[in-house]
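# A closer look at the structure
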Amino acid sequence: MAEQIRIWEGLYLQKGIRLFASVLSAAISGMEVCPVQVEADVSSGLPCFTMVGFPSTQVKEAQDRVRTALKNNGISLPPKKVTVNLAPADLRKEGAGFDLPVAAAVLAASGFIEPQLLRNVMVVGELSLNGEVRSVSGRAAKKWIRARELGCRYCIIPFENLAEGALVKDMKVVGVQNIKKF
């Protein structure tokens, strides 16, 4: 029988089970908000962190911000092969707003978060190296409106964007300040 380990907010997860996880985010392309599925797989192999799916340089740098932010908050990822896919692959992903969804997907795939908790949830946010969740700029409210249109249960966004997120009617918006509070 697998051992249960405690994770944030009193949740429990089976230890030692390899997981695939996915979380919804969004990219803005021109005037359109396009849903982006952030998928993570943690598996055996040489330890590395690879991002695919047409990420810009800013988005590719998320691998370093995520790993460092988690380490600086006492969360050690296993020395495994981490692959993150941003789908659809033909849409260019730009900006640091993918940091938090990448972290969420990797945490779920590593067994720190129950993957089912991320179903029908949109996640947007930038991470600092100390784990603080930074605000996202631009047309962020359009992403939360799109989340409502897609039938998401709620959005996880930077605390600093909470007032903007509250403007979207009929959508529960949760603000986070630090990756530990995720």
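Residues numbered from 1 in each chain as written. Predicted model: local features only at pLDDT ≥ 70, side-chain atom pairs only at ≥ 80, totals over all residues. Heavy atoms only, no water.

## Some details on the overall build of the chain
Across its full length, the chain holds 5 helices and 11 strands. Residue burial in the chain is summarised as follows: out of 182 residues, 46% are buried. Counting only contacts in the chain whose residues sit at least 6 apart along the sequence, the fraction spanning at least 24 positions is 68%. Carbon and sulfur atoms make up 51% of the accessible area of the chain, which amounts to about 9,100 Å² in all. (Helix = DSSP H or I, 4+ residues; strand = E, 2+ residues; numbered from the N terminus. Buried < 20%, exposed > 50% of the residue type's maximum accessible area, 1.4 Å probe, protein only. Contact = heavy atoms within 4.5 Å. Areas by Shrake-Rupley, 256 points an atom, 1.4 Å probe, with all protein chains shown as cover.)

## What about the side chain of Lys-143?
As for its placement among the helices and strands, Lys-143 is situated in helix α4 (residues 140-149). No salt bridge is formed by the buried Lys-143, whose closest oppositely charged neighbour, Glu-164, lies at an N-O distance of 9.7 Å. Separated by 3.5 Å, the side chain of Lys-143 and the backbone oxygen of Ala-26 make a polar contact. The contacts of Lys-143, once residues within four sequence positions are left out, are Ala-26, Ile-28, Val-33, Met-122 and Val-124. (Lys, Arg positive; Asp, Glu negative; His and termini not counted. Salt bridge = Lys/Arg side-chain N within 4 Å of Asp/Glu carboxyl O. Polar contact = N/O pair within 3.5 Å; in protein donor to acceptor, adjacent residues only side chain to side chain.)

## Regarding the nonpolar core
By size, the foremost hydrophobic cluster in this structure holds 41 residues, and its most contacted members are Val-38, Val-84, Leu-100 and Phe-182. Among the elements of the structure, β3 (20-29), β4 (32-43), β5 (48-52), α2 (62-71), β6 (81-87), α3 (99-109) and β7 (121-123) are those that each provide at least two residues to this core. Per-element tally for this core: the top contributor is α3, with 9 residues. Phe-182 has contacts with Leu-100, Ala-104, Ile-113, Leu-118, Val-123, Ile-156 and Val-176, leaving out every residue within four places of it along the chain. (Core = buried A, V, L, I, M, F, W, Y, C linked by side-chain atoms within 4.5 Å.)

## Some remarks on α4
Residues Ala-140, Lys-143, Trp-144 and Ala-147 constitute the buried set of α4. Each buried residue of α4 sits inside an arc of 95° when the element is viewed along its axis, so together they form one side. Summarising the contacts, the buried residues of α4 are in contact with β3, β4, β7, β10 (154-158) and α5 (162-166). One or two positions beyond α4, positive phi appears at Gly-151, with a value near 85°. (Arc of directions from axis to C-beta.)

## Some remarks on the confidence of the model for the chain
For the chain, per-residue confidence averages 86 on the pLDDT scale, and 90% of positions sit at 70 or higher. For the chain, strand β1 (residues 4-6) is the element with the lowest average pLDDT, namely 33, and strand β9 (residues 133-134) is the one with the highest, namely 96. (pLDDT = per-residue confidence, 0-100.)

## What about the packing of aromatic side chains?
In the structure shown here, the tally under the stated rule is 0 aromatic pairs. Residue placement shows Lys-172 over the ring face of Tyr-154; its charged tip is 5.8 Å from the ring centre. (Phe/Tyr/Trp six-rings, centres within 6.5 Å; stacked < 30°, edge-to-face > 60°. Lys NZ or Arg CZ within 6 Å of the ring centre and 35° of its normal.)

## Regarding unusual backbone geometry
Omega for the peptide link from Ala-87 to Pro-88 comes to 15°, which places this bond in the cis form. Position of Pro-88 relative to the elements: it lies in the loop between β6 and α3. In this structure, Asp-170 is a non-glycine residue whose phi angle is positive, near 60°. Here Asp-170 is to be found in the loop between α5 and β11 (172-176).

## Considerations on the environment of Ala-140
By the secondary structure assignment, Ala-140 is in helix α4. Between the alpha carbons of Ala-140 and Gly-97 there is a distance of 9.3 Å; along the sequence they are 43 residues apart.

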